Amino acid sequence: MQMDRQSHLWRNAVVLPAVSRVAVCGGTHGNELSGVYLVRERLKRREDGTEPVSVVAVMSNPRAVQLCVRYIETDLNRCFTRAALRAPISEASPYEMIRSQELNALLGPKGSTQAVDLLCDLHNTTANMGLCLITYSDRDWICLHICKHLQREMASTPVRYVHFDIPLNEAYSLDSVGKHGFAMEIGPQPHGVVRSAIFSAMQEGVQLMLDWICQFNSGTLFEGGSVDVYTMVKNIDYPRDPETHTITAAVHPDLQDRDFCLLHPGDPMFLSFSGETLRYKGKEALYPFFINEGAYYEKGVALSLARKRRVEIPSVRSETLR
Amino acid sequence: MSSRIGISCLQEAKRVAIFGGTHGNEMSGITLVNMWTQNSAEIERNGLVVKPFISNPRAVEKCTRYIDTDLNRAFTPENLSTPEVEGLPYEVQRAKEINRMFGPKGSSNAYDVIFDLHNTTSNMGSTLILESSTDLFNLQMVHYIKKAMAPHTCSVLLNEHPQLKYSTTRSVAKHPIGLEVGPQPQGVLRSNVFESMRTILKHALDFLELFNSGVEFPPCTVDVFRVQERMDYPRDTNGNITAMVHPHLQDCDWEPLNRGDPMFLTFDGRTILYEGANTVYPTFINEAAYYEKQQAFMTTCREILAANAIRKAFK
């Protein structure tokens, strides 16, 4: 019976190319330190990974890392749209525009057969998000299976799958350069700080990802199942003064640190400096995330809201012959 | 200042300033000062003039700690007396300007009290920072604030260390007080941290109003943590850190650290223990801005300071 079931799974599994070349990128934002130190350690120890996967570690924005700032002139992680990658650049171009094209040449080109098979871009957030894999697809079986693997194996860290429904051309972040890709985002951690528990969680996440890939490339069959996917619906800005544009309220204490706890219409969202509670006025209960991310004040985002749905994923195995 | 049996008679504290944005990414103070500049009702008190002030506007504009150099280290005698020439670092120019407006430091024309508002990524809760163990006025004010905040804890940090003491923005005043509230990431405004700082200032201004109206404050004692030593991260020959604050020490500001307790965890998983002979009380554990100042945390020892009764001197 067991044999029949196994061979049934085997025959019905989705067969996908091996994930042979992996890039682990850190310091895309120079003050998100878990990834910076993780990449530094990998580069120090020349950890290239063992067959059957080759891993390259890349420090994405070395100048920003040097100064421990998010970026020098413009946010590197918004410079990977097709338009940005094709834009003519000169010495006068913003540093990050030049760098994104360099990274695209090194790890891409985006959309081509030469691109790395998987690009994992390491990030931290000041929001209480645990570990999130953030990507542009809700049907990339490799990414979804990796998420499932991390969820199964990481005992003390919540792991979630966050999806931005944006077509590849307009996908703006570094992870969109790989054939498969995601940002591995871990919080809460202040920018410019490395917290050991957060670093360990990221280290564990990266190792589990590479373990899964090794097993996958060796021909292991991974049984299907389901994964909860959070799809981004909209951003909410802080209330602002109409003249000066400065913020007039802080995230409400009842919402602060409650990423992925369902927000219902009428729930407190902001507490104004004059003591007034401002409530969520949407009609649909949604899941908040990136609540009070420090880098998003300048982008006009106090929090993002997502819809959750259960996605069925098929069994998968690699093309490698057993 | 004259003193009769046990009571110190001190000059009234009429000119008071509240500084926000000494570091341009510490958001509670910046937000409070901007709010009170627009509408000062909350900070008005009888017998006082209270000036809210953004100390480092260019850094606030860029939401960064400083432009050229740390303003909160810039008020040295050298900087304050250096001639006004082209090419001075922005914060040195600014220090001279602040010294003109609110000082001169050490003179009788200086502001009576400056509250300097700061945030930290460390889990220090609400902390008041003193620079002198003999400033009776400040000791009484801090005692008043602590009592008023109870049961919410307000820790008191005393930095009187000859080498580790630094020339703060607030030091131009006769009675400087630092307010440090955390944990809060740089560039982030957390509602609970904001409200704590607001409440501390409310009590501080109440104290000043009471003092100026002639109220006598009886003798008191204040539990303080006195700065002992700065502990840096282990580093490699390139100056990069090779270990992180150990998870058992992370967030344990003000808790005893004994010989043999875990202190750092290297990136390859090795624990480094604290080897000091005496129990210390660490603070500023894992403050983001201190990586470049070679500080993982500061050690302190507990002390009880005594203050005479005080009241306003009769004219």
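Right, let's walk through the structure included here. In every chain, residue numbers begin from 1 and rise along the written sequence. Working convention: letters from A go to chains and numbers from 1 go to ligands, in the order in which they are written. Local features are withheld for residues below a pLDDT of 70 in this predicted model, meaning they are given only at 70 or higher, and side-chain atom pairs are given and counted only at 80 or more; totals for whole chains, interfaces and linings count all residues. Note: side-chain values were computed over all heavy atoms of the structure, leaving out hydrogens and water.

Examining the overall build of chain A
- Note on conventions: DSSP H or I runs of at least 4 residues are helices, E runs of at least 2 residues are strands, and numbering of each starts at the N terminus. Assigned secondary structure in chain A consists of seven helices and 14 strands.
- Here the C-alpha radius of gyration of chain A, 20 Å, is about what a compact globule of 322 residues would show, namely 20 Å.
- The C-alpha extent of chain A, read off along each of the three principal axes, is 65 × 55 × 35 Å.
- Residue burial in chain A is summarised as follows: out of 322 residues, 57% are buried.
- A sequence separation of at least 24 residues applies to 74% of the contacts in chain A between residues at least 6 apart.
- Per element, the accessible surface of chain A, about 13,800 Å² overall, is 51% carbon and sulfur.
- In this tally, Lys and Arg are treated as positive and Asp and Glu as negative; His is ignored, and so are the chain termini. Taken as the charge location is NZ of Lys, CZ of Arg, CG of Asp or CD of Glu. A gap of 4 Å separates the mean positions of the 34 positive and 37 negative side-chain charges of chain A. For the radius of gyration, the atom set is restricted to C-alpha positions; the globular benchmark scales as 2.2 Å times the number of residues to the power 0.38. In this scheme, a residue with accessible area under 20% of its type's maximum is buried, one over 50% is exposed, and one in between is partly exposed, where area comes from a 1.4 Å probe on protein chains only. In what follows, a contact means two residues having at least one pair of non-hydrogen atoms within 4.5 Å. To measure how exposed things are, a 1.4 Å probe is used in the Shrake-Rupley method; for residues, cover is taken only from the protein chains shown.

What to know about the sheet that holds strand β7 (residues 180-187) of chain A
Residue and element names in this part refer to chain A.
- Paired strands, in this sense, are two strands between which DSSP finds at least two bridges. With mixed pairing, the nine strands of this open sheet are ordered in space as β3-β2-β4-β7-β5-β6-β8-β13-β12. Each of the sheet's edge strands pairs with one partner strand only, and the pair in question is β3 (54-59) and β12 (287-289). Strand after strand, the sheet turns through a mean of 30° between neighbouring axes, direction not considered.
- Pairing analysis gives 11 bridges linking strand β8 (residues 225-236) to strand β13 (residues 303-313), with the strands arranged antiparallel. Looking at the pairing, Val 227 lines up with Val 311 of β13.
- Here, axes are lines fitted to C-alpha atoms. For helices the fit covers the stretch in contact, and angles between N-to-C directions go from 0 to 180 degrees. Packing against the sheet, helix α2 (residues 33-44) makes contact with β2 (21-26), β3 and β4 (118-124), and its axis sits at approximately 125° to β3.

Some remarks on the packing of aromatic side chains
All names here are of chain B.
- Only the six-membered ring of Trp is used, alongside the rings of Phe and Tyr, when aromatic pairs are assigned; centres must lie within 6.5 Å, and planes under 30 degrees apart are stacked while those over 60 apart are edge-to-face, with the rest tilted. For the structure shown, the criterion picks out 30 aromatic pairs over all chains.
- Measuring from ring centre to ring centre gives 5.2 Å for Phe 19 and Phe 53, while their planes differ by 45°; the resulting arrangement is tilted. Of this pair, Phe 19 sits in strand β3 (residues 15-20) while Phe 53 sits in strand β4 (residues 49-54), placing them 34 residues apart in sequence. Each of the two residues, Phe 19 as well as Phe 53, counts as buried.
- Arranged with centres 4.8 Å apart and planes meeting at 65°, the rings of Phe 53 and Phe 102 form a pair that is edge-to-face.

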